[in-house]
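Observations on the model geometry
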Amino acid sequence: MTTATMSPDVQGVLSGYDERRQNLIPILQDVQDVLGYLSEDAVSRVADHLGLSENDVFGVATFYTQFRFTPPGRHCIKVCQGTACHVRGSGLIVEELERRLGVAPGETTEDLKFSLERVACYGSCALAPVVVIDDDVHGRMNARKAEKLIEELD
Amino acid sequence: MDFEALKTDAQNAWDEFSRPGRPRVLIGAATCGRAAGALDVLEAFRTQLAEHGLEGEVALTEIGCIGLCYAEPLVEIAGPDGRRVLYQSVKPANVKMLVESHLIKCEPVTKKALAVMEGDALDGVPRFNELPVVAHQVRIVMRNCGVVDPTNIDHYLARGGYGGLSRALSMKPEDVIEEMIASGLRGRGGAGFPTGRKWSFARRAEGDEKYVICNADEGDPGAFMDRSVLEGDPHAMLEGLMIAGYAIGAKTGYVYIRAEYPLAIERLKIALARLKERGLLGSNILGTGFDFEIFIKKGAGAFVCGEETALIASIEGKRGMPRPRPPFPAQSGLFGKPTNINNVETLASVSAIMEKGADWYAKFGTEKSKGTKTFALAGKINHTGLIEVPMGIPLRTIIEEIGGGVPDGKAFKAVQTGGPSGGCIPAQHLDIPVDYEHLAEVGSIMGSGGMVVMDEESCMVDVARYFLSFTESESCGKCTPCRMGTQHLLQMLTDITEGRGRPEDIEKLKRVSEAVAQGSLCGLGQTSPNPVITTLRYFEDEYRAHIERHECPAGVCRELIEFEIDPEKCTGCGVCVVYCPVNAITGDKKQPHVIDTAACIECGSCRSVCRYEAVLVHGRSEPALAE
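Residues numbered from 1 in each chain as written. Chains lettered and ligands numbered in written order. Predicted model: local features only at pLDDT ≥ 70, side-chain atom pairs only at ≥ 80, totals over all residues.

**Topic: the overall build of chain A**
- Of the regular secondary structure elements, chain A holds seven helices and four strands.
- Put simply, chain A runs from its N terminus to its C terminus through helices and strands in the order α-α-α-α-β-α-α-β-β-β-α.
- Taking the principal axes of the C-alpha coordinates as reference, chain A spans close to 50 × 30 × 25 Å.
- Here chain A holds 154 residues, and 40% of them are scored as buried.
- Within chain A, counting contacts between residues at least 6 apart in sequence, those at least 24 apart form 58% of the total. (Helix = DSSP H or I, 4+ residues; strand = E, 2+ residues; numbered from the N terminus. Buried ≥ 20, exposed ≤ 12 C-beta atoms within 10 Å, placed from the backbone. Contact = placed C-beta atoms within 7 Å.)

**Considering the overall build of chain B**
- Helices and strands together make up the secondary structure of chain B, namely 24 helices and 19 strands.
- On C-alpha atoms alone, chain B measures out to a radius of gyration of 26 Å, which is about the 25 Å that the 2.2 N^0.38 rule sets for 627 residues.
- Structurally, chain B occupies a C-alpha span of about 80 × 65 × 40 Å along its principal axes.
- A total of 627 residues make up chain B; the buried ones form 55% of that total.
- Considering only contacts in chain B between residues 6 or more positions apart, those separated by 24 or more positions represent 72%. (Rg over C-alpha atoms; globule rule 2.2 N^0.38 Å.)

**A look at the confidence of the model for chain B**
Residues and elements named next belong to chain B.
- On average, residues of chain B score 94 in pLDDT, and 99% of them are at 70 or above.
- Taken as a whole, residues 623-627 scores under 50 in pLDDT and shows nine contacts with residues more than four places along the chain or in a different chain.
- Interface confidence for the predicted complex, given as ipTM, is 0.90, next to a pTM of 0.93. (pLDDT = per-residue confidence, 0-100.)

**Some words on the confidence of the model for chain A**
- Considering every residue of chain A, the mean pLDDT works out to 89; 95% of them sit at 70 or more.
- Here residues 1-5 of chain A scores under 50 on pLDDT; set against residues more than four positions off or in separate chains, the count is four contacts.

**What about the environment of B:Phe364?**
- Locating B:Phe364 in the fold gives a position in the loop between helix H15 (358-362) and strand E11 (372-379).
- Excluding residues within four positions of it along the chain, B:Phe364 makes contact with B:Val138, B:Lys370, B:Gly371, B:Thr372 and B:Pro390.

**Quick look at the nonpolar core**
- Membership of the largest hydrophobic core comes to 228 residues, with the highest contact counts inside it found for A:Val130, B:Val229, B:Met237, B:Ile243 and B:Ala376.
- Top element by residues in this core is helix H11 (residues 234-248) of chain B. It accounts for 10 residues.
- In this structure, B:Met237 is in contact with B:Cys214, B:Val229, B:Leu230, B:Val344, B:Leu347 and B:Ala348, ignoring residues within four places of it in sequence.
- Grouped together as the second largest cluster of nonpolar side chains are 11 residues, B:Ile565, B:Cys580, B:Ile585 and B:Ile595 included. (Core = buried A, V, L, I, M, F, W, Y, C linked by C-beta atoms within 7 Å.)

**A short note on the sheet that holds strand E1 (residues 24-28) of chain B**
Residue and element names in this part refer to chain B.
- Spatially, E2-E1-E3-E4-E5 is the arrangement adopted by the five strands of the open sheet, whose pairing is mixed. Edge positions in the sheet fall to strand E2 (59-63) and strand E5 (113-118), since each has one partner strand and no second. Going across the sheet, the axis of each strand differs from the next one's by a mean of 20°, ignoring polarity. (Pairing = 2+ DSSP bridges. Axes fitted to C-alpha atoms, helices over the stretch in contact; angles between N-to-C directions.)

**Focus on the interface of chain A and chain B**
- Tallying the contact residues gives 40 residues for chain A and 47 residues for chain B.
- Elements that contribute at least two residues to the side of chain A that touches chain B include exactly helix H2 (24-35), helix H4 (54-63), helix H5 (83-87), helix H6 (90-101), strand E4 (136-138) and helix H7 (143-151) of chain A.
- Residue composition of the side of chain A that touches chain B, grouped by class: 20 nonpolar, 14 polar and six charged. (Nonpolar A, V, L, I, M, F, W, Y, C, P; charged D, E, K, R; others polar.)

**Points about the packing of H11(B) against helix H12 (residues 262-277) of chain B**
Residues and elements named next belong to chain B.
- At their nearest, the axes of H11 and H12 sit 10 Å apart, and the two run at 60° to each other. Looking at the two axes, H11 sits oblique to H12. Note that H11 runs across H12; the crossing there is right-handed. Note on element contacts: H12 touches H11 through Arg267, Leu268, Ala271 and Leu275, opposite Pro234, His235 and Leu238.
- Among the residues forming the contact of H11 with H12, the class breakdown is five nonpolar, one polar and one charged. (Parallel < 35°, antiparallel > 145°, perpendicular 65-115°, else oblique. Left-handed = near helix turned anticlockwise from the far one by under 90°.)

**Overview of helix H13 (residues 308-315) of chain B**
- For H13(B), the buried fraction is high: eight of the eight residues fall into the buried class.
- Its buried side turned inward, H13(B) meets H2 of chain A together with strand E6 (211-216), strand E7 (252-257), strand E9 (290-298) and strand E10 (339-343) of chain B.

**Here's the deal with helix H1 (residues 8-15) of chain A**
Residue and element names in this part refer to chain A.
- Within the span of H1, buried status applies to Val10, Val13 and Leu14. End-on, the buried residues of H1 take up no more than an arc of 95°, which puts them together on one face. Of the exposed residues in H1, those oriented more than 90 degrees away from the buried face are Pro8, Gly12 and Ser15.
- Contacts from the buried residues of H1 go to H2 and helix H3 (40-50). (Arc of directions from axis to C-beta.)

**Description of the environment of B:Arg159**
Residue and element names in this part refer to chain B.
- Along the chain, Arg159 turns up in the loop between helix H6 (153-158) and helix H7 (163-169).
- Residue Arg159 is classed as partly exposed on the basis of its C-beta count, with 19 C-beta atoms lying within 10 Å.
- Between the C-alpha atoms of Arg159 and Arg549, which are 390 residues apart in sequence, the distance is 61 Å.
- Apart from residues lying up to four places away in sequence, Arg159 is in contact with Asn144 and Val148.

**Regarding the sheet that holds E10(B)**
Residues and elements named next belong to chain B.
- With respect to topology, five strands assemble into an open sheet ordered E8-E9-E7-E6-E10, the strand pairing being mixed. Two strands close off the open sheet at either side, each with one partner strand: strand E8 (282-285) and E10. Within this sheet the neighbouring strands show an average axis-to-axis angle of 25°, counted without direction.
- The sheet contact formed by E6 and E7 spans six bridges and is parallel. Of the residues in E7, the one forming a bridge with Cys214 is Val255.

**Here we look at the packing of helix H20 (residues 505-519) of chain B against helix H22 (residues 530-549) of chain B**
Residue and element names in this part refer to chain B.
- Between H20 and H22, whose axes approach to 10 Å, the crossing angle comes to 160°. On the basis of their axis angle, the class for H20 and H22 is roughly antiparallel. Of the two possible hands of crossing, H20 and H22 adopt the one that is right-handed. Contacts from Asp505, Ile506, Leu509, Lys510 and Ser513 in H20 reach Val532, Ile533, Leu536, Glu540, Tyr543 and Ile547 in H22.
- The class makeup of the residues in the contact of H20 with H22 is seven nonpolar, one polar and three charged.

**Concerning unusual backbone geometry**
Residue and element names in this part refer to chain B.
- For the peptide bond that leads from Glu72 to Pro73, omega is -10°, which places it in the cis range.
- Turning to its location among the elements, Pro73 is positioned in the loop between E2 and strand E3 (75-78).
- Cis geometry is adopted by the peptide bond preceding Pro326, which originates at Arg325 and carries an omega value of 0°.
- Looking at the element boundaries, Pro326 is found in the loop between H13 and E10.
- Of note, the phi angle at Asn284 is positive, near 50°, even though the residue is not glycine.
- In this fold, Asn284 is placed in strand E8.

Here is the structure:
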């Protein structure tokens, strides 16, 4: 893909960084912010920009759990798996949401409405268990409350 | 502008903010407060103040976390009479009453009040410092958390902030290091290495360019001390980072922070912008010729990046994998240059020590563990939240008095400290003083400060399995003992919790644990067996019950339990029917219900919602046996 045909968003991200390797992770984070995921084309452009092989860029991107390689759903539901959430039953919430949405953690529903994810500790342990929906942190959750929150989303 | 002039301006701003008689509303809006609904409460205050025409008169401010997370959302209100009251569990529906009663009529709402912060006493409401959860605490790291507006640098300056930097810049770097050694401060990230000595290695290392890094990659599940400090008082850490930079001879600092902490990142960015405006960051700081820049680097979700060499690789744009040491980062770190890494709490202590002196700091704590330590209290405990206590305080005081004990009259079973690298401390060791040495003696570690309390309904084999599933998935895979060993341990623990354990597994767990501890490349692998080792040490009976009798005494491991409804206690209210995810519960209204054990998935939802304790858990009549 040439610069002329690629997403202007990715071009915008790349123009903010020079070619030093230390910019790789910040660039990937910004690209994911604008696209929602790391497309093959985007990875290829990032590799070009930094003078790295695509292999190298994928190697780094797949190492970190933050990066995804398929388009996300419109709403991202993350269930915290920290210790406090675990002993207060966050496992039940994940299971219930799996059943309800028909997807496993890490997957997106067919209608692209919801992505379900498990995340490592969110640091809101005092309000465990915690569910994060589109960056809003909800504390003192249970399966029913989480389902209600999801029903309210369009 | 010189430092004195900066301070004078800041003092004026602080006096205006905090003067008695100025009505104000402070809302604890750190991530935990927000999770409990603080932003809705903030919006409700905005509406109510506008309705009463008070928006110009009453200051409405978001503050950080004061640590009492169990009572969130917390709101402090100061009325025109100067009395300041802290309200707990405030909901948007309470706001009208609080505004009309406290702010307008100067009549505090006693039933929602948690404590009186300042001013005349209130019947039946204790003073803040007399609350059992607060009385034992000494706040050094958290000196400003929940007190100041974290986005306002004047508040930090007026309360002595950057006084430590100003003092350090008037000293020789070597003397700053001496002062740090004299204070006795040890690294708060977990390992407890003396901070001053660590600095001296980086100071002495040859190199034209050096770096200091703040490790804010707080990855231990169950730990949120660093998040709270960065959200509630980012300057406390930033000042410490600048002092560390000056001491070792670095001009550049990095803050490596988890992407899971967006609010902390936002507060840091604001803090850096304010520092630049005041000339406290950049070139020739305070006219002393000291140049310093700070950059924020966001982590991308890898627990192993809390390890120093992996963190460095991550900043360099590589896979975050550790490498063998030596060379230590102090000789060859970021971009091959001498590098010093400290964690958030360490640096927030550094700024206080430089402001008030090593002797002042060394008065707190024990002979070998000086100062204070923050802990995140979570799990099965009444007062979940963030605390800061002097080193050497008995563990029992933390659990029973500060933490308020275990909820619902359940029995305390163990407290897990140090996250996946730590261990479970049982009831018989509750009287140990909390310091580096005593925690190691009972098989755990200080770690970064997570404390997760377990009660009689927590299964210790399940807890060990939980931590191993964490380390197994976070192992970077570089060295074989950690990559294969954690897998092997997890498999054995899973087998035990699912009824396939064999008698020889206990010895095998111990052997593999030792191999992983001795053979792994970095701290992640070396400490990963600790949860297994300590639970075996104190709760071997529980392992044996799973293995020999296929029983889970705590009633947690699903493959080994069954639920049943006690017809004597069941009132037929039907709540469990609503909550059962697989429709396994049936019964007529107001008649005892029954669970179809064939359909039941043992999730425990019915048990957690039953108000009559009618759902019983017991061992399976036909346990799943080994294949």
